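Analysis of the macromolecular model
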Amino acid sequence: MSLYADYLKEIETRKTQGLNPKPIDDGALVDEIVAQIKDPANEHREASLKFFIYNTLPGTTSAAGAKARFLKEIILGEADVPEILPAFAFELLSHMKGGPSIEVLLDLALGNDEQIARSAADVLKTQVFLYEADTDRLKEAYAAGNAIAADILQSYSKAEFFTKLPEIDEEIKVVTYIAAEGDISTDLLSPGNQAHSRADRELHGKCMISERAQQEIQALKLQHPDKQVMLIAEKGTMGVGSSRMSGVNNVALWTGKQASPYVPFVNYAPIVAGTNGISPIFLTTVGVTGGVGIDLKNWVKKLDEDGNPILNNDGNPVLEQKYSVETGTVLTINTQKKKLYNGEGDEELVDVSSSFSPQKLEFIKAGGSYAIVFGKKLQSVACDILGVELKSAFAPSKEISHEGQGLTAVEKIFNKNAVGSTPGKVLHAGSDVRVKVNIVGSQDTTGLMTSQELEAMAATVLSPTVDGAYQSGCHTASVWDLKAQANTPKLMAFMHKFGLITARDPKGVYHSMTDVIHKVLNDITVDDWAIIIGGDSHTRMSKGVAFGADSGTVALALATGEASMPIPESVKVTFKGSMADHMDFRDVVHATQAQMLKQHGDNVFQGRIIEVHIGTLLADQAFTFTDWTAEMKAKASICISNDETLIESLEIAKHRIQVMIDKGMDNDNKMLQGLVDIADKRIAEIKSGEKPALTPDANAKYFAEVVVDLDEINEPMIADPDVNNADVSKRYTHDTIRPISYYNAEKKVDLGFVGSCMVHKGDVKIVAQMLRNLEKENGNVEFKAPLVVAAPTYNIIDELKEEGDWSVLQKYSGFEFDDTAPKSTARTEYENILYLERPGCNLCMGNQEKAAKGDTVLATSTRLFKGRVVEDSDDKKGESLLASTPVVVLSAILGRTPTVEEYKTAVEGIDLTKFAPPLQKPLDTQSVHF
């Protein structure tokens, strides 16, 4: 059977799902379609023309290559297609973004036919996705005296690809749609359990919010054809939890504009809003698509006569509405005045200047941030080739420098890695900076989209300036089902060819790794001055500074080795007092959130860097803190370590990288060996005193400071989703932190989960130690609720085996993963036993494994969002409560939350994760928050 016949069969199948034909990425299929177009008598010719014109993916897909070659034939007169005349062929090439289309356009522009050359040049002047190989061809032709090449380069040197674009509309009319009350997780926009379909944009679009919501949005569009739907988080923040490009893609698909008439289901320019604005990492993703994110501030705290917030019976501030944005409200955004007005445009509601900074206006004008990144580089290269002065067509990067003011840790890292900023100028928070990226991580449920983005921007190889890049397999580790089997090998093959270290070897040389990506990135980050970009919100390293990002920003970092962002403000976190023997460091993490809210009233972490002076805590354990900062709504976190602690952490990282090398995971460029070399160099710098561990300057300034009093932490803490709170906006946030005594040992626990990126080797050792203790005391161990344990990495399991802990877990397990026979279906029912699951995300991800509907789950993970770990049943809401490892283990054994006394007895003599503040006096800094 031909590929075309297979495609028709697939189309019929998709019809039954209410779907259109899937966009074509296979060059061999396009070749068959082209052959049918060339045959006037072919019965499929008309349909083939439509597929060729409207349903073939652009960029560097093999389909794009086949399409570009045929369009070249048409333009040169080697093929005669009445429906595609040369002018239309050029138009189609102009919508193909880069890669094969640029190669064809350069062939034509630098060819012998002057008329064709000028037409090709006119198209090339509108393109920005050119790489070194492309500009080298223009450079050679220019040096040889080619007038067309000179003309193209002159256009690029003036950035006419940007300056000749239409200006942004002064007024944007919108009609509101409230997606939900309270914080909106990206899981609502792109559910984790539908991760397998993200690369199929039309299919994935059907999972956004609900079918009813989609119908209501469509109805609003029909009622208001001249307006754009603005999706709103009422009384909350839009896009918390992750960047999730698929979430923005879905919003754009339902409410945005079509990017090209010849590229199906790729939309741009969505407009999203929230009472408390947009989550920082999600806002970055909105910028990728040229969209707008608005901080509505439509609910404000009600104040008393003295200006203090009025509190309700729960101790929460009473909110009052400044203006209504209920579904169907017509509003006007003025992009020049940077204000939000009522529908008539005569009443100002709120200033939205932050939504329309000069850089964001450029993203909107260009249809996304990629075009600006590539455009700046292209203009610069053209000026270099022509030997003319660069007069940038783009808004100058904001450079903020305060004379005499020191640098925070993040400001130091940004200054060190800055690219293209004013030489010698010290930059402070608020500055817009292009920075070199050292480590890049792509994860398996967004990786297929990252590969699509790389194809779309015509990238074929990893930037040589990137020190380390890794493609994970952790989010699809639990179940090797048909969806994983279809997507994962394809992803690994693409990324392996691109130049990344891949979790699973497409060539079958080494054992497949499903290790949690955040843990691997934490191990392969071998410089405290590094910048890390990862395709997941929990890209939060305990060395360097790491940013969770959308799949597109990850693709950009892989292709260019750079990222662009403002230097964020920082909040300093220090500790005082001492940690009680019976407490675990996870309780310190929870207490940090609770004490911060108590000290400041508002979440001062949101959108900022948390600079945590942990000092004496090794990278594995410190990662527990930095990982949680994603739930604190922080943009990122930086750990300040002592020299000795950092050296020991780097030695551990070296060992784990060497294990990866020994397993055969290094690539042709010896990337892993290069990381070992960087670690050795960094250790030598610290030991010699040439470059000690990163610390802020004594006169650095912070937005705020939080001092965590360890003496106040006297019992374990639980982050509670508070699913029945009368105020919907207070549900499923990470701000409700409660001591275990709150539950009076009466909270029934249906399942315990120890796993995800929030646990380290010590956590799994704690499980083994508790089992030993209970065995010694009672002779055996009985679970009144299932306990699921998923170690983060194979390295950790190997180390536990060497140290004798894994055998204890095996002894009490009723199930142990087997890589030679992985599960092909997700578990839906659990017995009251211990499950040893494959390393990976497991329940925390929620796309494969889940607890039974309506369960109350006590977990070490980070996710308590509705439906993520556990869904609601018909008669009970599912709950995901978060706690330390010993609390989770004991609760699974008891089938309920323990008393403080039960807890203390259970952990007596157990080596919990301990933390003592560094002995030296904290740096004397001044907060600018006060």
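The rules we used
- Residues numbered from 1 in each chain as written.
- Predicted model: local features only at pLDDT ≥ 70, side-chain atom pairs only at ≥ 80, totals over all residues.
- Heavy atoms only, no water.
- Pairing = 2+ DSSP bridges.
- Helix = DSSP H or I, 4+ residues; strand = E, 2+ residues; numbered from the N terminus.
- Core = buried A, V, L, I, M, F, W, Y, C linked by side-chain atoms within 4.5 Å.
- Buried < 20%, exposed > 50% of the residue type's maximum accessible area, 1.4 Å probe, protein only.
- Contact = heavy atoms within 4.5 Å.
- 1 Å grid on protein atoms, 1.4 Å probe; cavity = no way out; pocket = protein on both sides within 12 Å on 5 of 7 lines; lining within 4 Å.
- Points joined across faces, edges and corners; volume = space filled by probe spheres on them.
- Nonpolar A, V, L, I, M, F, W, Y, C, P; charged D, E, K, R; others polar.

**Quick notes on the sheet that holds strand S19 (residues 531-534)**
Remark on secondary structure: sheet strands pair via backbone hydrogen bonds, oriented parallel or antiparallel. Pairing in this open sheet of 5 strands is parallel, and the strands run S18-S17-S16-S19-S20 from one edge to the other. Every interior strand has two partners, whereas the edge strands, strand S18 (501-502) and strand S20 (545-548), have only one. Summarising the sheet, strand S16 (residues 439-442) and strand S17 (residues 468-471) pair through 4 bridges and their orientation is parallel. Of the residues in S17, the one forming a bridge with Gly-441 is Tyr-470.

**Observations regarding the nonpolar core**
Ranked by internal contacts, the top residues of the largest apolar core, which has 191 residues, are Phe-52, Ile-84 and Tyr-470. Beyond its immediate stretch of four places on either side in the chain, Ile-84 contacts Leu-49, Phe-52, Ile-53, Leu-71, Ile-74, Ala-89 and Leu-92. Judged by nonpolar contacts, the second largest core, of 49 residues, contains Val-573, Leu-617, Ala-704 and Val-870.

**Some details on empty space enclosed by the protein**
If you walk through the whole model with that rule in mind, you get 11 cavities of 30 Å³ or more. Taken together, 23 residues make up the lining of the largest cavity; nearest its centre are His-475, Asp-536, His-538, Arg-863 and Arg-868. Taken together, the residues of the lining of the largest cavity sort by class into 5 nonpolar, 12 polar and 6 charged. Volume-wise, the second largest cavity comes out at about 150 Å³. In terms of lining, the second largest cavity is formed by 18 residues, of which the most central are Val-240, Gly-241, Ala-630, Glu-631 and Lys-633.

**A few points about the pairing of strand S6 (residues 263-268)**
Taken together, the 3 bridges between strand S5 (residues 257-260) and S6 define a ladder with antiparallel strand orientation. Residue pairing across strands places Gln-258 opposite Asn-267, the latter belonging to S6. Linkage of S5 to S6, two consecutive antiparallel strands, is achieved through a turn of 2 residues.

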